Amino acid sequence: MYEDQDDIASVLTQLFEHSGILITKLVPELFQSIRNTPLETIDPTNALIERAIAIIHAWNVHEQAEFITAHPRIGEIKQLSALSAKEQSGGLSATTRLETPPEVLKRLEHLNVCYEHVYFGLRYITFVNGRTRAAIAREMEDKLQLGHPLESYPDGPPLNEPVAESLICVARNSEDWLNELKRAVDDVGKIAKSRQKSLGL
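Quantities reported herein were computed from a predicted structural model and do not represent experimental measurements. (Residues numbered from 1 in each chain as written. Predicted model: local features only at pLDDT ≥ 70, side-chain atom pairs only at ≥ 80, totals over all residues. Heavy atoms only, no water.)

Participant: Account for the overall build of the protein chain, with residues named and values stated.
Facilitator: When its secondary structure is counted, the protein chain shows 8 helices and 0 strands. The order of helices and strands in the protein chain, counted from the N terminus, is α-α-α-α-α-α-α-α. Counting across all 201 residues of the protein chain, residues that qualify as buried make up 44%. Summed over its atoms, the accessible surface of the protein chain is roughly 10500 Å², and 52% of this surface lies on carbon and sulfur atoms. (Helix = DSSP H or I, 4+ residues; strand = E, 2+ residues; numbered from the N terminus. Buried < 20%, exposed > 50% of the residue type's maximum accessible area, 1.4 Å probe, protein only. Areas by Shrake-Rupley, 256 points an atom, 1.4 Å probe, with all protein chains shown as cover.)

Participant: Give a detailed account of the pattern of salt bridges, specifying residues and quantitative values.
Facilitator: Scanning the model with the defined rule gives 14 salt bridges in all. One salt bridge connects aspartate 186 with lysine 182, and the closest N-O pair in it is separated by 2.9 Å. Remark: lysine 182 and aspartate 186 occur in helix α8 (residues 175–199); sequence separation between them is 4 residues, near one turn of the helix. For lysine 182, a relative accessible area of 45% corresponds to the partly exposed category. (Salt bridge = Lys/Arg side-chain N within 4 Å of Asp/Glu carboxyl O.)

Participant: Report on the nonpolar core, specifying residues and quantitative values.
Facilitator: If you look at the biggest cluster of nonpolar residues, it comprises 53 residues, and the most contacted ones within it are Leu12, Phe16, Leu26, Phe67 and Ile68. Those elements giving two or more residues to this core turn out to be α1 (5–15), α2 (20–36), α3 (44–57), α4 (61–68), α6 (102–118), α7 (133–144) and α8. (Core = buried A, V, L, I, M, F, W, Y, C linked by side-chain atoms within 4.5 Å.)

Participant: Just give me the short version of the packing of α4 against α8, but keep the residues and values in it.
Facilitator: At a minimum axis distance of 10 Å, the contact between α4 and α8 shows a crossing angle of 45°. Here α4 is positioned oblique relative to α8, judged by the angle of their axes. Here α4 runs over α8; the crossing is left-handed. Along the contact surface, α4 presents Val61, Gln64, Ala65, Phe67 and Ile68, while α8 presents Trp177, Leu178, Leu181, Ala184, Val185 and Val188. Per-class residue counts for the contact of α4 with α8 are 10 nonpolar, 1 polar and no charged. (Axes fitted to C-alpha atoms, helices over the stretch in contact; angles between N-to-C directions. Parallel < 35°, antiparallel > 145°, perpendicular 65-115°, else oblique. Left-handed = near helix turned anticlockwise from the far one by under 90°. Contact = heavy atoms within 4.5 Å. Nonpolar A, V, L, I, M, F, W, Y, C, P; charged D, E, K, R; others polar.)

Participant: Now, about the packing of aromatic side chains: what can you tell me, with residues and values included?
Facilitator: This model, assessed by the stated rule, comprises 4 aromatic pairs. Summarising the aromatic geometry, the rings of phenylalanine 16 and phenylalanine 67 are spaced 5.6 Å apart at their centres and angled 80° between planes, so their arrangement reads as edge-to-face. Residue phenylalanine 16 is located in the loop between α1 and α2, and its partner phenylalanine 67 is located in helix α4; the two are separated by 51 residues in the primary sequence. Phenylalanine 67 matches phenylalanine 16 in its accessibility class, with the two residues each being buried. Through pairs of rings, three or more aromatic residues link up here, namely Phe16, Trp59 and Phe67. (Phe/Tyr/Trp six-rings, centres within 6.5 Å; stacked < 30°, edge-to-face > 60°.)

Okay, here's the thing in structure tokens:
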């Protein structure tokens, strides 16, 4: 199983988000790896995911960052794949998943700007695992050591505070930055395994 590059590409674009680096680098490297060491036969798709994540971790940091930025930002509602839309809505159906309160989407939009200022070159990736966008907003605030204005909305602080430029940047390639990159890649793997189950692959 997965002895053909087209088959690998087809499965990976479902389990991960489609991107140029997935097609031009991950697929051929994974194909060569499988030729050298075949996947286990009990759960080959799970083994495929684990092999792919191991390969990505071996890439240089620029390539890893390029890979994770193929994932949509938390809170985006346009141009999402069907799987991403369902995941970000906490598992809701297509008819209800756009009902996230506008103040939550506004806060997430600002938090993405803040995160990408602090961790320049990265994108916030998390394994949603059925949680709401509001819960993810709180997680992002904790990561950035910010307050939780949604809890007191509309009487609390503005949703677009603090100004992103006022936050201290984490040095690129520092231990903190690299740990965040590793966490993001690992969470892409968790997302892929969740998709594997939902798709029955």
